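# Summary of structural features
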2 protein chains.
Amino acid sequence: MMINNGITPKQASEFLLQSDNILLLCHKNPDGDTIGSASGLMYALKKLGKCCAILCHDKIPEKYDYLHVETYCNQFIPDIVVAVDIASENLLGEGTLPYSENIDLCIDHHPSNSGYAKMTCCNDKLPATAQLMLEIIEEMGVELDKNIANCLYTGLITDTGCFKYSATTSATHIAGAKLFDAGAEHTFISNRFFMSKSRKNIMLEKYALNSLEFFYDDRCAMVVITKEIIDEIQAQPSDIEGISAMPRTIEGVDVGITIRQISESLFKISIRTSENANACEIAEGLGGGGHKRAAGCEVIGNIESAKNAILREVETALCK
Amino acid sequence: MMINNGITPKQASEFLLQSDNILLLCHKNPDGDTIGSASGLMYALKKLGKCCAILCHDKIPEKYDYLHVETYCNQFIPDIVVAVDIASENLLGEGTLPYSENIDLCIDHHPSNSGYAKMTCCNDKLPATAQLMLEIIEEMGVELDKNIANCLYTGLITDTGCFKYSATTSATHIAGAKLFDAGAEHTFISNRFFMSKSRKNIMLEKYALNSLEFFYDDRCAMVVITKEIIDEIQAQPSDIEGISAMPRTIEGVDVGITIRQISESLFKISIRTSENANACEIAEGLGGGGHKRAAGCEVIGNIESAKNAILREVETALCK
């Protein structure tokens, strides 16, 4: 990838070492990698005696409480502003204004990074920004400790599905080994993200499974989450995210569809595919878009017409 | 741990190098670690020009087909017999007779290894026999390849829940990195074991979630699987195993109960607990037993009386 003003981890570390008051930005709807990578850097910079805090458009979700993120509330005037795991300016959110108008450095791993920052340290071969952040912290000469390790381990496992996703490499495991050696509370963290479910998740799963239908010789599985259920459970978009992956994981299913009712007549459709179908092409048929294996679109109508519309596109894709 | 005739990985490798015809045994109801570790060793020994095959009381399940295990059917007369990942003689099964009567070497990681073999190479600090097998294969001087890596990676991730369980260490990640570098098809394998579910699993989950009830300030979650449902789905005990873990994984739940109807009046109860309750004590109250975090018992009666019986024990445990 080519990004304007791209810099190496070593150059990024040198730039960070020059400043004393550093503001870190996370992306909106923050996930484990933006929070873990930013807070890992925060602990490393504080170890060097610098002032550092984190600003995010949204509240940091409670499930990250154990990282004890110091949020920014004007406790210092930043010399530099650093965006962490943020591919484009759209993902910053108004809550980061006015700092998001002048970003000195972006540290990221997304192939789609738009190069919006003055300098960008981005490695899109890595499965998580946390893996890149480990390199930068090592370059700064900061010795890893339990706090830093817990933060980076959180980023690493949430963006790799605990070392399962295809972008994981041997270097990711070497990074994992270093974080273990530095005292990462790995059992606690992996339990939290992969071995426990909220009541809302469980209730959504129940309703999703009750709506489960199969089509086209069982190669397509579809679930529907109505607005009534979403309101009843008070489910957040992040709760539904988890459900979207489920239909595709059923044995023999090439296309998994999750239809989520937004309002009386608006439906958001999430499409996940195996290598035997192109999710992006299916979504594009209804004016949406995305990636080969995961894409989405919106449909106006009622539940039956939304189902029929997406099924027509799925049929076309499966006949190819 | 102290085991009679305990030997080091180096001594185990030297012993293996001395023989030309080697029979490997897996434990009955074979899992990913016994199959992966044995077949990894099989490929390593074949690379050295030796005759080697695997014998197991049960058929190797289809989901391990990609490892292309060569099963033993008298194609050579063994010089030595090696048990892999087998803690005690009880786990061999009659299908391994007469070879199981005279086991030269056992390679294992279970703390409960009974020392039944003439020589035992056991490291109970490791989360998987596959991690120990990697050491032994390296000691033999065999260069890792894709076949060996796929086998050992299968053992490593199935016994560690893909690096999630508490026995995982930095050395486990270093082992993972080596297997990646040797060409392990990690995405394919982790998808197979952790990102796909059978139709039976999905249907069981649906019925289990529909029966889900909470008790004692939501600290106890209970699901009931009736015989009618088991018969309808044609679910195997192994399908139900996966369900038993679910109730306890719900946020805030200290005791997860799964009641499975065996016949009209017989119920098997599986108990899983957090560190806030003792599963074994709960089970013992109804004549069962097990471990602190996972235990089981049987109850005779009807569904209501079975529920009431176990709930009384749960209440006692939660009041402690």
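In this report, we go over the structure that sits alongside the text. (Residues numbered from 1 in each chain as written. Chains lettered and ligands numbered in written order. Predicted model: local features only at pLDDT ≥ 70, side-chain atom pairs only at ≥ 80, totals over all residues. Heavy atoms only, no water.)

We now examine the overall build of chain A. Scanning chain A from N- to C-terminus turns up eleven helices and eleven strands. Against the compact-globule benchmark of 20 Å for 320 residues, chain A has a radius of gyration of 21 Å, which places it among compact chains. Projected onto its principal axes, the C-alpha coordinates of chain A cover approximately 60 × 40 × 35 Å. Across the 320 residues in chain A, those meeting the buried criterion constitute 54%. A sequence separation of at least 24 residues applies to 66% of the contacts in chain A between residues at least 6 apart. Carbon together with sulfur atoms contributes 47% to the accessible area of chain A, which is approximately 13,700 Å² in total. Taken together, the 28 basic and 43 acidic charged side chains of chain A have centroids lying 2 Å from each other. (Helix = DSSP H or I, 4+ residues; strand = E, 2+ residues; numbered from the N terminus. Rg over C-alpha atoms; globule rule 2.2 N^0.38 Å. Buried < 20%, exposed > 50% of the residue type's maximum accessible area, 1.4 Å probe, protein only. Contact = heavy atoms within 4.5 Å. Areas by Shrake-Rupley, 256 points an atom, 1.4 Å probe, with all protein chains shown as cover. Lys, Arg positive; Asp, Glu negative; His and termini not counted. Charge placed at Lys NZ, Arg CZ, Asp CG, Glu CD.)

Let us look at the side chain of Asn150(A). Residues and elements named next belong to chain A. Among the structural elements, Asn-150 can be located in helix H4 (residues 146-160). Taking the relative accessible area as the measure of exposure, Asn-150 reaches 5% and is therefore buried. In this structure the side chain of Asn-150 is engaged in a polar contact, spanning 2.6 Å, whose partner is the side chain of Glu-185. The contacts of Asn-150, once residues within four sequence positions are left out, are Leu-67, Gly-183, Ala-184, Glu-185 and Ile-189. (Polar contact = N/O pair within 3.5 Å; in protein donor to acceptor, adjacent residues only side chain to side chain.)

Another point: the sheet that holds strand E1 (residues 21-25) of chain A. All names here are of chain A. On the basis of which strands lie adjacent, the open sheet formed by five strands has the order E2-E1-E3-E4-E5 and parallel pairing. Strand pairing shows two members of the sheet lacking a second neighbour, strand E2 (51-55) and strand E5 (119-122), which therefore form its edges. Neighbouring strand axes in the sheet, compared pairwise and without regard to direction, differ in orientation by 20° on average. Two strands pair when backbone bridges link them, and strand E3 (residues 80-84) and strand E4 (residues 105-108) are joined in this way by three bridges, in the parallel orientation. Pairing of Val-82 across the sheet is with Leu-105, part of E4. Contacts from helix H2 (residues 32-47) reach E1, E2, E3 and E4, with the element oriented near 165° to E2. Sitting on the sheet, helix H3 (residues 129-139) touches E3, E4 and E5, and the angle it makes with E4 is about 120°. (Pairing = 2+ DSSP bridges. Axes fitted to C-alpha atoms, helices over the stretch in contact; angles between N-to-C directions.)

Moving on, we get to the environment of His186(B). Turning to its location among the elements, His186(B) is positioned in helix H6 (residues 186-194). Judged by its relative accessible area of 11%, His186(B) falls in the buried class. Each C-alpha atom, one on His186(B) and one on Asn210(B), is 35 Å from the other, the two residues being 24 residues apart in sequence. Residues in contact with His186(B), not counting those within four places in the same chain, are Tyr165(A), Ser166(A), Thr168(A), Tyr153(B) and Phe180(B).

Placing chain A over chain B gives an RMSD of 0.9 Å and needs a rotation angle of 180°, together with 0.1 Å of translation along the axis. As the rotation angle and translation indicate, the two copies are arranged about a two-fold axis. It is His173(A) whose C-alpha, among those of chain A, lies nearest the rotation axis, at 2.6 Å. (Least-squares fit on C-alpha atoms with pLDDT ≥ 70 in both.)

Moving on, we come to the sheet that holds strand E8 (residues 255-263) of chain B. All names here are of chain B. Reading across from one edge, E6-E7-E8-E9-E11-E10 is the order of the six strands in this open sheet, with mixed pairing throughout. Each edge of the open sheet is held by one strand with a lone partner, namely strand E6 (213-215) and strand E10 (289-290). Relative to strand E11 (residues 294-300), E10 runs antiparallel, the two sharing two bridges. Directly across from Gly-290, in E11, lies its bridge partner Ala-295. Helix-sheet contacts for helix H11 (residues 303-319) involve E6, strand E7 (220-225), E8, strand E9 (266-273) and E11, and the interaxial angle to E8 is about 155°.

What follows concerns the nonpolar core. The biggest cluster of nonpolar side chains holds 110 residues, and the ones touching the most others in it are Ile137(A) and Ile137(B). Not counting the four nearest positions on each side in its chain, Ile137(A) is found in contact with Gly40(A), Leu41(A), Ala44(A), Val142(A), Leu144(A), Ile148(A) and Leu152(A). Within the second largest apolar cluster, 36 residues are counted, among which are Ile202(A), Ile225(A), Val223(B) and Val253(B). (Core = buried A, V, L, I, M, F, W, Y, C linked by side-chain atoms within 4.5 Å.)

Now for the pairing of strand E11 (residues 294-300) of chain A. Residues and elements named next belong to chain A. Burial of the side chains of E11 is restricted to one face: Ala-295, Cys-297 and Val-299 are buried, whereas none of Ala-294, Gly-296, Glu-298 and Ile-300 on the reverse face is. Bridge analysis of strand E9 (residues 266-273) against E11 gives seven bridges, and the strand direction is antiparallel. Each residue of the ladder has a partner; that of Arg-272, found in E11, is Ala-294. Hairpin connection of strand E10 (residues 289-290) to E11: three residues between the antiparallel strands.

Quick look at the pairing of E4(A) now. Residue and element names in this part refer to chain A. With burial as the criterion, each face of E4 is covered, one bearing Leu-105 and Ile-107 and the other bearing Cys-106 and Asp-108. Pairing of E4 with E5 involves four bridges; the strand directions are parallel. Looking at E5, one finds that Ile-107 is bridged to Cys-121.

Counted at 1.5 Å a residue, the expected span for helix H2 (residues 32-47) of chain B with its 16 residues is 22 Å, and the 22 Å between its end C-alpha atoms agrees. Where H2(B) ends, the next residue or the one after it, Gly49(B), has phi of about 85°, a positive value. (Expected span 1.5 Å × (residues − 1).)

Here the focus is the packing of helix H3 (residues 129-139) of chain B against helix H5 (residues 170-181) of chain B. Residue and element names in this part refer to chain B. At their nearest, the axes of H3 and H5 sit 10 Å apart, and the two run at 60° to each other. Regarding the angle of H3 to H5, the classification is oblique. Considering how the two elements wind past one another, H3 and H5 form a crossing that is left-handed. Counted together, Gln-131, Leu-134 and Glu-138 of H3 and Ala-171, Thr-172, Ala-175, Lys-178 and Leu-179 of H5 form the full contact between these two elements. Classifying every residue of the contact of H3 with H5 by side-chain character gives four nonpolar, two polar and two charged. (Parallel < 35°, antiparallel > 145°, perpendicular 65-115°, else oblique. Left-handed = near helix turned anticlockwise from the far one by under 90°. Nonpolar A, V, L, I, M, F, W, Y, C, P; charged D, E, K, R; others polar.)

On the chain B side, the residues contacting the 37 residues of chain A number 37 residues. The junction of chain A with chain B conceals about 3,300 Å² of combined surface from both sides, 64% of it contributed by carbon and sulfur atoms. The three residues of chain A that bury the most area against chain B are Lys164(A), His173(A) and Arg199(A), which together make up 20% of that side's buried surface. Summed over the shared surface of chain A and chain B, the result is two salt bridges. Between Arg199(A) and Asp218(B) there is a salt bridge, and its shortest N-O distance comes to 3.0 Å. Between the two partners, chain A and chain B, sit twelve residue pairs in polar contact (both at pLDDT 80 or more). (Buried area = accessible area lost by both parts, 1.4 Å probe. Salt bridge = Lys/Arg side-chain N within 4 Å of Asp/Glu carboxyl O.)

Applying the stated criterion across every chain yields a total of 27 salt bridges over all chains. Residue Lys307(A) pairs with Glu213(A) through a salt bridge whose shortest N-O separation is 2.6 Å. With Lys307(A) in helix H11 (residues 303-319) and Glu213(A) in strand E6 (residues 213-215), this residue pair connects regions lying 94 residues apart in the sequence. Judged by relative accessible area, which is 12%, Lys307(A) ranks as buried. Residue classification places Glu213(A) among the partly exposed residues on the basis of a relative accessible area of 31%. Measuring nitrogen to oxygen at the nearest pair gives 2.7 Å for the salt bridge that ties Lys197(B) to Glu205(B).

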